[in-house]
Amino acid sequence: MDITKTLLEFSAVNGVSGRESAAVDYAAALLRPHGDTRVTTLGSLVCTARPGPPGAPHLLLDAHLDEIGMIVTFIEEKGFLRVAPCGGIDRRLLLASTVTVHAAGRDMPGVICSVPPHLAGDADKKNKKVEEIHIDIGLDAEKAKEAVKPGDLVTINAHSRVLLNGLVSGKALDDRAGCVALCRALELLEGAELGCGLTVLLSSMEETGGGGAKTAAYEIAPTHAIAVDVGFGHTPDAPKEKCGELRKGPMIGFAPILSRAVSQELRALATARSIPWQPDVMGGSTGTNSDHIAVARGGVATGLLSIPQKYMHTPIETVAPEDVENTAQLLCAYAKKLGGIG
Amino acid sequence: MRTLVKNIEALCALPGVSGWEHPVREEILRQIGGSCDCSVDPLGNVIAFKKGRKTPKNKILYSAHMDEVGFVITFVEDSGLLRFAPVGGIDSRVVLGKAVEIGDKRLYGVIGSKAVHLQEEKERSEPQGPDKLYIDIGAESREQALEHVSPGDRAVFRAGFGRLGQDKLFGRALDDRAGCALLIELIGRDLAYDCHFSFTVLEETGCTGAATAGYGVNPDIAVAVETTTASDIAGVDPDKVVCALNSGPVVSFMDKGAVYDHGLYTLALETARRANIPCQPKQGVFGGNESRALQAARGGARTLAVSLPCRYLHSPACVIGEPDLAHTATLLEALLEAMAEL
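In this convention, every chain numbers its residues from 1, walking through the sequence in written order. As a convention, the first chain written is A and the first ligand written is 1, with the rest following in written order. Side-chain atom pairs in this predicted model are given and counted only at pLDDT of 80 or more, local residue features only at pLDDT of at least 70, and totals for whole chains, interfaces and linings cover all residues.

Asks: Please explain the overall build of chain B as it appears in this structure.
Replies: Summing up its helical and strand segments, chain B has 9 helices and 17 strands in all. Expected size for 342 residues packed as a compact globule is a radius of gyration near 20 Å; at 21 Å, chain B falls within 12% of this value. Each of the three principal axes of chain B carries a C-alpha extent, and together these read 65 × 45 × 35 Å. Whether a residue is buried, exposed or partly exposed follows from its count of other C-beta atoms within 10 Å of its own C-beta, namely 20 or more, 12 or fewer, or something in between, respectively; the C-beta atoms are built from the backbone. The buried share among the 342 residues of chain B stands at 55%. Here, residue contact means that the backbone-derived C-beta atoms of the two residues sit within 7 Å. Restricting to contacts in chain B with at least 6 residues of sequence separation, those with at least 24 account for 77%. Only DSSP runs of H or I covering at least 4 residues are called helices, and only runs of E covering at least 2 are called strands; the numbering of each starts at the N terminus. The size measure is the radius of gyration over C-alpha atoms, and the globule rule it meets is 2.2 Å times the number of residues to the 0.38 power.

Asks: Sorry, what's going on with the domain arrangement of chain B here?
Replies: The split into domains, and so the bounds of each, comes from an automatic or database assignment of domains. Segmentation of chain B into domains returns domain 1 (4-68 + 172-340) and domain 2 (71-157). Contacts between domain 1 of chain B and domain 2 of chain B engage 11 residues on the former and 12 residues on the latter.

Asks: Even after reading the chapter, I still don't get the interface of chain B and chain A, so can you show me in this structure?
Replies: Buried accessible area, meaning the area lost when the parts come together, often serves as the stated size of an interface. In this complex, chain B contributes 52 residues to the contact, which on the side of chain A involves 49 residues. For the side of chain B that touches chain A, the secondary-structure elements that each account for two or more residues are β7 (107-112), α3 (121-125), β10 (162-164) and β11 (168-171) of chain B. The dominant element in the side of chain B that touches chain A, judged by the number of residues it contributes, is β7 of chain B, at 3 residues. Each residue is assigned to one of three groups, with Ala, Val, Leu, Ile, Met, Phe, Trp, Tyr, Cys and Pro labelled nonpolar, Asp, Glu, Lys and Arg labelled charged, and all others, Gly among them, labelled polar. Class assignment for the residues of the side of chain B that touches chain A results in 23 nonpolar, 18 polar and 11 charged.

Asks: For this particular structure, what's the right way to read the packing of helix α1 (residues 4-12) of chain B against helix α5 (residues 174-187) of chain B?
Replies: A pair of packed helices can be characterised by two numbers: the angle between their axes and the separation between those axes. Residues and elements named next belong to chain B. What counts as an axis is a line fitted to C-alpha atoms, over the stretch in contact for a helix, and the angles between N-to-C directions run from 0 to 180 degrees. Two numbers describe how α1 lies on α5: the axes approach to 9 Å, and their chain directions differ by 135°. Classified by the interaxial angle, the pair formed by α1 and α5 is oblique. α1 and α5 meet at a crossing whose hand is right-handed. From α1, L4, N7, I8, L11 and C12 reach across to α5, where they touch L174, R177, A178, C180, A181, I184 and E185. Of the residues contributing to the contact of α1 with α5, the split by class is 9 nonpolar, 1 polar and 2 charged. For classification purposes, angles smaller than 35 degrees are called roughly parallel, those larger than 145 roughly antiparallel, those between 65 and 115 roughly perpendicular, and all remaining angles oblique. A clockwise turn of the near helix away from the far one marks a right-handed crossing, whereas an anticlockwise turn of less than a right angle marks a left-handed crossing.

Asks: When you look at the packing of helix α1 (residues 3-12) of chain A against helix α4 (residues 173-188) of chain A in this model, what are you seeing that I'm missing?
Replies: Residues and elements named next belong to chain A. It is at 10 Å that the axes of α1 and α4 come closest, and there the two elements cross at 140°. Relative to α4, α1 is oriented oblique. In the packing of α1 onto α4, the handedness of the crossing is right-handed. Each of I3, T6, L7, F10 and S11 in α1 lies in contact with α4, whose residues at this interface are L173, R176, A177, C179, V180 and R184.

Asks: Could you clarify how one ought to interpret the domain arrangement of chain A in this entry?
Replies: Residues and elements named next belong to chain A. What the domain assignment reports for chain A is domain 1 (3-67 + 171-338) and domain 2 (69-156). On a C-alpha basis, the centres of domain 1 and domain 2 stand 32 Å from each other. Contact residues are listed per partner, giving 11 residues for domain 1 and 11 residues for domain 2. A per-class count over the side of domain 1 that touches domain 2 returns 2 nonpolar, 5 polar and 4 charged.

Asks: Would you mind going over the sheet that holds strand β11 (residues 168-170) of chain A with me for this structure?
Replies: Across a sheet, strands are paired by hydrogen bonds formed along the backbone, either parallel or antiparallel in direction. Residues and elements named next belong to chain A. If you trace the 3 strands from one edge of the open sheet to the other, you get β10-β11-β17, paired in antiparallel fashion. The open sheet has two edge strands with one neighbour each: β10 (161-162) and β17 (317-319). Here, any two strands with at least 2 DSSP bridges between them count as paired. When β11 meets β17, the two strands line up antiparallel, connected through 3 bridges. Residue S169 lies in a different strand from β17, and its bridge partner there is T318. The strands touched by α1 within the sheet are β10 and β11, with β11 carrying the most contacts at an inclination of about 5°. The sheet contacts of α4 involve β11 and β17, and relative to β17 the element is tilted by about 30°.

Asks: Can you help me understand the confidence of the model for chain B in this one?
Replies: Segments scoring low in pLDDT should not have their predicted coordinates read at a detailed level. Taken over all residues, the pLDDT of chain B has a mean of 95, while the share at 70 or more is 99%. For this predicted complex, the interface confidence score (ipTM) comes to 0.92, while the overall pTM stands at 0.93. Note: pLDDT gives the predictor's confidence per residue, expressed from 0 to 100.

Asks: Would you mind going over the pairing of strand β6 (residues 98-102) of chain A with me for this structure?
Replies: The two faces of the sheet receive side chains in turn, since in a regular strand these alternate between them. Residue and element names in this part refer to chain A. Most of β6 sits inside the fold, with 4 of its 5 residues counted as buried. Between β6 and the antiparallel strand that follows it, strand β7 (residues 107-112), lie 4 residues; G105 among them carries a positive phi value of about 90°. Note: β6 against strand β9 (residues 153-156), 4 bridges, orientation antiparallel. Along β9, the bridge assignment pairs V99 with I156.

Asks: I would appreciate a short explanation of unusual backbone geometry in the present structure.
Replies: Outside of glycine, negative phi angles account for most residues, and trans bonds account for most peptide bonds. Residue D175 of chain A is reached from D174 of chain A by a cis peptide bond, and omega for that bond is 15°. Tracing the sequence through the fold places D175 of chain A in helix α4. The residue after D175 of chain B, namely D176 of chain B, is reached through a cis peptide bond having omega 10°. Its location among the elements puts D176 of chain B in helix α5. One non-glycine residue, A172 of chain A, lies in the positive phi region at around 65°. Along the chain, A172 of chain A falls in the loop between β11 and α4. Judged by C-beta crowding, with 27 C-beta atoms within 10 Å, A172 of chain A ranks as buried.

Asks: Help me understand the environment of I137 of chain A, please; the structure alone is not making it clear to me.
Replies: Here I137 of chain A lies in the loop between β8 (135-136) and α3 (141-147). Judged by the 23 C-beta atoms lying within 10 Å of it, I137 of chain A falls in the buried class.

Asks: I'm lost on the sheet that holds strand β16 (residues 301-309) of chain A in this one. Help?
Replies: Residue and element names in this part refer to chain A. Taking strand neighbours across the sheet as the criterion, the 8 strands line up as β1-β2-β12-β3-β13-β16-β14-β15 in an open arrangement whose pairing is mixed. Both edges of this open sheet fall to β1 (36-39) and β15 (278-281), since each of them pairs with a single strand only. Each adjacent strand pair in this sheet contributes to an overall mean axis angle of 25°, direction not counted. In this structure, strand β3 (residues 58-64) lies alongside strand β12 (residues 197-203), joined through 7 bridges in parallel fashion. Looking across to β12, one finds that H58 is bridged to G197. Most of the contacts of α4 go to strand β13 (residues 224-232), to which it runs at about 135°, and overall it touches β2 (45-50), β3, β12, β13 and β16.

Asks: Which parts of the structure should I look at to understand the pairing of strand β1 (residues 37-40) of chain B?
Replies: Residue and element names in this part refer to chain B. Note: β1 against strand β2 (residues 46-50), 4 bridges, orientation antiparallel. In the strand pairing of β2, S39 is matched with I47. Linking β1 to β2, which pair antiparallel, is a turn of 5 residues; within it G44 sits at a positive phi near 110°.

Asks: I'm lost on the environment of G166 of chain A in this one. Help?
Replies: Residue and element names in this part refer to chain A. In this structure, G166 sits in the loop between β10 and β11. In this structure, the C-alpha to C-alpha distance between G166 and V319, residues 153 residues apart in sequence, is 9.1 Å. For G166, the residues in contact, after removing those within four places along its chain, are T4, A320 and P321.

Written out as structure tokens, the structure is:
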């Protein structure tokens, strides 16, 4: 698998929380060679890579498919759209962004209105909330109401590009980077006779509450799980203690909600196999799908790996492909260990 | 000859931040070189003379600026991140989360900051000035960054160009490549009278190019062909709208930089009426353009500004109306005849 190419392509696919079908289609093509795939009631993609012997442990690997975006709530008198956020949009970067309105039948471009400087009053010295912005689609009210309906989704336009040192930048890499790591892990495990079951879950609706992983984990009923998400990559304005660094390997989660045994196993395996890693310590829950998976049914021993990412929740999310590869290597090592062959 | 819209798209695709207008200048020279006399003055203005069917009583100059607002790289951090300053007026709130292209090689970079999850409420609501932001090209050290970038390099937003709704266009640098395209269109026509044209540099940083172009050409009448703020968007009181898209070219009686020749102002409105094309006054004293410099060159020139109404000026996505383009071209050609015999 060409990780960079896959990241670039997958980043460009749209899949705002609740409407992930295009992302499901893209990912299904990657997963199908590795096992039976199906889509759950809430739109998550599940691949049964190894059914596993009866009574054996069953490992669930999760990453989320959905991305943040906006949803049309109202069409104004002059044809401008009002929206609400789907997930934690960074309100500071909205103005003058170009967007795509995913209307029934066709996608159409839009521009988020910015008030020209000569009209800027005190209210304009603040960053607008998502609910306060207007989207210009160039149509009058009548035509706008014909073309766009409340409930249509909106994505901020982005370019998927490679920066220096091979870093990949684009939208939705939270958590398509995790999805790619899982696909790569399955590739690494090809032909491995695991003594455990293995299921890959690319979950829906993480950014709006984690409903996809919660319900899929119930259905799959694993004994062990590792959620793969993105973690904060350090930039000079961010607190070092809450961040990892790009190109220094997956961040292994340590938190009360996570299984101490799984976290320690991941750390031991990374150290033994010389896979670079960094710690990611949280005081309670983790804010990722691992919180939901850990409490599915009677409980699941759950770990968390985070791929360090700069500029999370923006159209310029940036990750290092080697961190994706190293995450996959560590997942592979864990699966083999649990499956009795590592 | 390309259609006006195609040519605007081609010109907007070129970076031309003040002082680094050379990509735009080269393209304009390539386009008009065969159909008029043209030269480049010491500051980099393109000065052109198009012979008409008759010699006018007044020497007339049509001027549009080639430069655009953007950024200049000021400093390279040890971390490899680039510090920058705005060139021209850019709203702090349209910068974050955008991608940029730096220098002649158009190196890709992104303007990011720490993740939304790590921001305090105050940080989310208050815009950050450009002095707090940086461009990330993926470099990991000052040395590596300096292999690709030098202080002084200019950067532009990486932005798309396209149709918005049915009859509007969005793109970066419509201010004032749309004006440049209109002048190129006029040069391509069989004009009734001789006309001088200038494609100027350094408008956004103080109208310096127009000052020397005005001196060099020494016209009796100078017309700035520009874009001007249209605030026909949601939530703006009628008295602040200034002008509206697809209501025809905008003529100014006064702005923050100049009081226009009242005879020319009324002549423009009257010429539009006789030509049966829509035309609107700029309703409000806002903004300014290179008329101020054209007006004061040598012993002075009578000046007029004819502008395309444009939403979201100085942002990565400006919006103009397509019908306004043809109407403005028609008005400029008719005005040439009207002004020639004043």
